[in-house]
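# Coordinate analysis (summary)
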Amino acid sequence: AMQPRGSGPAEPRRAVPPVRSRVRSRGAAGAALLPSMLMFGVILASSGLLLMIERGILAQVGPPPLHPPAGPSRQDGRDSAAELELEVLRDTRNRTIRALCGQPSMPRSVWELPPGQRRTVLRHLLVSDKYRFLYCYVPKVACSNWKRVLKVLDGALESVNVQGKMDHQSDLVFLGDMKPEEISYRLKHYYKFIFVRNPMERLLSAYRNKFGEIKEYQQKYGVEIVRRYRKNGGNSAGDDVSFSEFLQYLLDEDVERMNEHWMPIYNLCQPCAVRYDFIGSYERLHADANHVLEHVQSPSFVRFPERQAWYKPVTAETLHYYLCNTPRRLIRELLPKYILDFFLFAYPLPNITSEFCRH
C-alpha cells in the first residue's frame, strides 16, 4: 500500500488556464498520430465485430483468468459471480490498453504528445501532493464529487457534504501548472487513477444537463446548433436542442476542439501516454472510489459523497428511449469518434436494432 508522504516545500500555485481551450495542434507529430488512431477506430466501428476483434487482440497477450483467486468461498453465489465478472472486466481493460498502447505509433509519455493534446491531459490531471496521487477528471463521470474529495483532503473544504455550487478551479492543483521536471516526477512516482463511463450514457448525461439546465451552454452552444441544423431555427434560445441535433453537431465537430463535457475520455486523459494504476467505473462508483481512498490512505472520515438529491441519473430505460428515437445513421457514423472509449474500457456498442427498440 502506498504510504502518504509530505510534499516538501510548498510550491506556488499558478493561475489555472481555461478548461475549454480551443488550441489545435498542427504539428507533424499530431498529424501522424491522430489519423492513424481515427483510422483504427473507423475500422473497428465499420466492422461491427468489436468483441471478436478484442478477443483476437487479447489472444496475443494471453487469456483472462478463468477462475477467481484462491480464498474463502462466498456463501452467496451471485456475489462470487459478480466478483469474477469484475475481475475479468478489469483484466480485459488492462490487457486491451497494453495491447493498443504497445503499438509503435502510440505515445509512451505526455512529452511525446502534440502540444495541444499534452495541454489537454495536463489540464485534466489533478494533484494531491499530500497523498501522492494524480486523478484525471472526466466531466459527467462524478468529477464534481471527486473535486470535493480533493478539496477536503487538502483542507480547503470542511466536508464533502457541504452544500453549494462546485467551484471547478479554486483550491485545486492542476498538473499542467507545474514545471516540466515537477510534472515528470509526479507522473513517475504518484498513484494515478481515472474513472470511466459508458460513452453513450455519458453523452446523454451531458446533453440533458447542459442543454436542459445550464443557460450558459444553451446560449453558447445551443443557439448555434439549432441555427446550423434546423430550418428557421434562428429564433431559438438554445434550450430546445434535440438529441439528434446534438449528435449531428458532435459528428461535425473536430475531436481536438470539443468541449470537455463531450470530448472522448481517451483524448481527455490519454491512457497510452499516462499509465494509470487504477481504472474505476461509474457503474461501481462508490466501491471503486472507496478502493482508491483506502489505497492512498486517506483519513477514515473522508468518504466519497452520496449523489446530490437534485441529480437525475441516466437510467437504462432513458438511454433506450433516446437511442431508439434517434436516426440510426447518426449513431453509426458517430461511433468512430468514441470507439476507443468503447474498446479500451470494455463497453458494449449501443444496441439499436429494430428488435431491441420494439421492447
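Parameters at a glance
Residues numbered from 1 in each chain as written. Predicted model: local features only at pLDDT ≥ 70, side-chain atom pairs only at ≥ 80, totals over all residues. Heavy atoms only, no water. UniProt positions renumbered as here; feature names shortened; annotations may be inferred. Helix = DSSP H or I, 4+ residues; strand = E, 2+ residues; numbered from the N terminus. Buried < 20%, exposed > 50% of the residue type's maximum accessible area, 1.4 Å probe, protein only. Expected span 1.5 Å × (residues − 1). Bend = angle between axes of the 7 residues up to and from the residue. Contact = heavy atoms within 4.5 Å. Salt bridge = Lys/Arg side-chain N within 4 Å of Asp/Glu carboxyl O. Axes fitted to C-alpha atoms, helices over the stretch in contact; angles between N-to-C directions. Parallel < 35°, antiparallel > 145°, perpendicular 65-115°, else oblique. Left-handed = near helix turned anticlockwise from the far one by under 90°. Nonpolar A, V, L, I, M, F, W, Y, C, P; charged D, E, K, R; others polar. Pairing = 2+ DSSP bridges. Phe/Tyr/Trp six-rings, centres within 6.5 Å; stacked < 30°, edge-to-face > 60°. Lys NZ or Arg CZ within 6 Å of the ring centre and 35° of its normal. Core = buried A, V, L, I, M, F, W, Y, C linked by side-chain atoms within 4.5 Å.

Looking at an unreviewed UniProt entry, one finds the protein chain named Carbohydrate sulfotransferase, with Agelaius phoeniceus as its source organism. According to the UniProt record, the Subcellular location (unreviewed entry) comment for the protein chain is "Golgi apparatus membrane". Turning to the protein chain, the UniProt record has this under Sequence similarities (unreviewed entry): "Belongs to the sulfotransferase 2 family."

Glycine aside, negative phi is the norm for most residues, and most peptide bonds take the trans geometry. The phi angle at K140 is positive, at roughly 75°, despite the residue not being glycine. With respect to the helices and strands, K140 occurs in the loop between β2 (133-136) and α5 (143-153). For K140, a relative accessible area of 15% corresponds to the buried category. Of note in the backbone geometry, A142 takes a positive phi value of approximately 60° without being a glycine. With respect to the helices, strands and loops of the structure, A142 is situated in the loop between β2 and α5.

A rise of 1.5 Å per residue sets the reference length of helix α8 (residues 215-229), with its 15 residues, at 21 Å; its end C-alpha atoms lie 20 Å apart and thus fit the reference within 8%. Its maximal kink placed at Y221, α8 deviates by approximately 40°. For α8, the complete set of buried residues consists of Y217, Q218, Y221, G222, I225 and V226. Here the buried face of α8 lies against α7 (199-213) and α9 (243-252).

If you walk through the whole model with that rule in mind, you get 11 salt bridges. Note that D240 and R230 form a salt bridge whose closest N and O atoms lie 2.9 Å from each other. Of the two residues, D240 sits in the loop between α8 and α9 while R230 sits in the loop between α8 and α9, which places them 10 residues apart along the sequence. Note that R284 is salt-bridged to D288, the shortest N-O span being 3.4 Å. According to the relative accessible area criterion, R284 is partly exposed, its value standing at 30%. Salt bridges sharing partners connect three or more residues here, namely R90, R284 and D288.

A word on the packing of α9 against helix α13 (residues 328-344). Following both chains from N to C, one finds α9 and α13 inclined at 40°, their axes separated by 9 Å at the closest point. Our classification of the angle between α9 and α13 gives oblique. α13 is crossed by α9, and the crossing has left-handed handedness. Here α9 contributes S244, L247, Q248, L250, L251 and D252 to the contact with α13, which in turn contributes R329, L330, I331, E333, L334, K337 and Y338. For the contact of α9 with α13, the residue count by class is 7 nonpolar, 2 polar and 4 charged.

Sheet architecture is open: 4 strands sit in the order β1-β2-β3-β4, paired in mixed fashion. Taken across any chain shown, the strands that pair with only one partner, and hence form the sheet edges, are β1 (125-128) and β4 (278-281). Looking at each pair of strands side by side, their axes are set apart by 25° on average, direction ignored. In terms of strand pairing, strand β3 (residues 191-196) meets β4 through 4 bridges, oriented parallel. Residue pairing for β4: F195 is matched across the bridge by G280. Against the sheet, α5 engages β1, β2 and β3, with an angle of about 155° to β2.

Attention now moves to the packing of aromatic side chains. Enumeration over the complete set of coordinates arrives at 25 aromatic pairs. On the numbers, 6.2 Å between centres and 35° between planes, the contact of Y191 with F193 is tilted. No difference in accessibility class separates Y191 from F193, as the two residues are buried. Grouped by ring-pair contacts, the aromatic residues Y207, F211, Y217, Y221, F243, F246, Y249, W262, Y321 and Y322 constitute a single cluster. The ring of Y282 has R197 lying over it, and the distance from NZ or CZ to the ring centre is 3.9 Å.

Formed by 95 residues in total, the largest nonpolar core has its most connected members in L125, W146, L250 and W262. When residues of this core are assigned to their parent elements, the largest contribution, 10 residues, is made by α13. Leaving out residues up to four positions away in the same chain, W146 has contacts with Y135, F193, F195, A289, V292, L293 and F304.

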